[in-house]
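# Close look at the chain arrangement
Here's the letter readout for the chains.
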Amino acid sequence: MQNQFVIHPAQAVFEPQIKNAIHNFDRYDDVLGEAERNVIKIVDVDDKKYTIKSFKVPNIINQIAYRFFRKSKAERSYTYANKLLDLGIDTPFPVAYDLYMSPVLFKRSYYVSELVNCDLTYRELTTDFSIPDYDNILRAFTRFTYKLHEKGINFLDHSPGNTLIKREGKEYRFYLVDLNRMQFGKMDFDTRIKNFVKLTIHESMIKVMSNEYAKCTGEDEKMIFDLMWKYTREFQYRFYRKIRIKKRIFFWKKKYRTIPSESPI
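Below: a short report on this structure. Since the model is a prediction, treat every value here as computed from it, not as a measurement.

The three strands are arranged β7-β9-β10 in an open sheet whose pairing can be described as antiparallel. Because the sheet does not close on itself, it has two edges, and the strands there are β7 (120-121) and β10 (171-176). The pairing of strand β9 (residues 163-168) with β10 spans six bridges and is antiparallel. Note that in β10 the partner of arginine 167 across the bridge is tyrosine 172. Seen against the sheet, helix α5 (residues 134-150) touches β9 and β10 and runs at an angle of roughly 50 degrees to β10.

See below:
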């Protein structure tokens, strides 16, 4: 099995400890996030906390693709995190990535970053409208998204679980996570509005975000709201149609039996 390990120069002094933490990944019990595809665990290295994200071994087609033609999700996460920081966008500091592959197939990969202790995530804004200072947080998040767009950052996974929020006095800082799908370059207005479609199913949130985005851009608020709501509904329709199809094909799988057939909007 071949191995490719890359560590940030600022963290090079901890290379042996980081490598050891990855090697012992399965022994750690402090799980931050776990899904069908990936597992994130918290580890301590030299009295500092890090997260290690273990990516699931891809299917055979992607094993070939990642081996020869595409950069792995772990490498892209590391590369994009460094690019975001260079552009002045917060993300947990990228520490290292570690890849394992055979001569012809890609296997396991890991991405290591510093742990950010957040106060909440954007997801909580979609489920709890009683959060203190709710309106200001949502408007600050909208301005943050505008900042991404102005810097030419199209975060393709701009969805509820992928923004961490920290309170700093009366201000808020936003940290992007799950970075492996991004595009960089000038964004036209339509692309900018479509970047909001995964964030909420609630019309009330769309109204606030369209109002704040109009203030940022100087564009007509009603036009922004109409587009944002239209694209959100279209995305939800496509998403749940895809789920319905998968439920019919993979009816024996538990995860498809528990997902609603219709969009909640």
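Text resumes after the structure shown.
Let's shift gears to the side chain of aspartate 157. Inspection of the secondary structure assignment puts aspartate 157 in the loop between β8 (153-155) and β9. Under the relative-accessibility criterion, aspartate 157 is labelled buried at 14%. Beyond its immediate sequence surroundings of up to four residues, aspartate 157 is in contact with Asn162, Asp178, Arg181 and Lys198.

Here we come to the pattern of salt bridges. Any two side chains of opposite charge can pair, given that their charged atoms come close. Considering all chains together, one arrives at 16 salt bridges under this definition. Residue lysine 49 is joined to aspartate 44 by a salt bridge in which the shortest nitrogen-to-oxygen separation is 3.0 Å. Assessed through its relative accessible area of 38%, lysine 49 is described here as partly exposed. Of the charged contacts, one joins lysine 194 and aspartate 190 as a salt bridge, the two residues approaching to 3.4 Å between their closest N and O atoms. Taken together, the residues lysine 194 and aspartate 190, both in helix α6 (residues 189-194) and four residues apart, mark about one turn of the helix. Taken together, the shared-partner salt bridges in this structure form one network comprising Asp135, Arg139, Arg143, Glu212 and Lys215.

What follows deals with the nonpolar core. Nonpolar side chains tend to gather and get buried jointly when the protein is soluble and globular. Among the nonpolar cores identified, the biggest contains 49 residues, and Tyr122, Leu125, Leu138, Leu176, Met182 and Met209 are the most heavily contacted of them. Here methionine 209 is in contact with Tyr122, Leu138, Phe141, Thr142, Phe196, Thr200 and Met228, once residues within four sequence places are set aside. The next biggest cluster of nonpolar side chains, apart from the first, holds 16 residues, and it includes Phe25, Val39, Tyr50 and Ala96.

Right, let's talk about the packing of aromatic side chains for a bit. Within a pair of aromatic rings, the relevant descriptors are the distance that separates the centres and the angle that separates the planes. The full count for this structure, using the stated rule, is 13 aromatic pairs. Measuring from ring centre to ring centre gives 5.2 Å for phenylalanine 196 and tyrosine 213, while their planes differ by 80 degrees; the resulting arrangement is edge-to-face. Taken together, the positions of phenylalanine 196 in the loop between α6 and α7 (203-217) and tyrosine 213 in helix α7 put the pair 17 residues apart, joining distant regions of the chain. In terms of burial, phenylalanine 196 and tyrosine 213 fall into one category: buried. One aromatic cluster is present, formed by Tyr122, Phe141, Phe144 and Phe174 through successive ring pairs. Taking the ring centre of phenylalanine 25 as reference, the NZ or CZ of lysine 41 above it sits at 4.8 Å. The aromatic ring of phenylalanine 184 is capped on one face by lysine 83, whose charged end is 5.0 Å from the ring centroid.

About the cut-offs
- Residues numbered from 1 in each chain as written.
- Predicted model: local features only at pLDDT ≥ 70, side-chain atom pairs only at ≥ 80, totals over all residues.
- Heavy atoms only, no water.
- Pairing = 2+ DSSP bridges.
- Helix = DSSP H or I, 4+ residues; strand = E, 2+ residues; numbered from the N terminus.
- Contact = heavy atoms within 4.5 Å.
- Axes fitted to C-alpha atoms, helices over the stretch in contact; angles between N-to-C directions.
- Buried < 20%, exposed > 50% of the residue type's maximum accessible area, 1.4 Å probe, protein only.
- Salt bridge = Lys/Arg side-chain N within 4 Å of Asp/Glu carboxyl O.
- Core = buried A, V, L, I, M, F, W, Y, C linked by side-chain atoms within 4.5 Å.
- Phe/Tyr/Trp six-rings, centres within 6.5 Å; stacked < 30°, edge-to-face > 60°.
- Lys NZ or Arg CZ within 6 Å of the ring centre and 35° of its normal.

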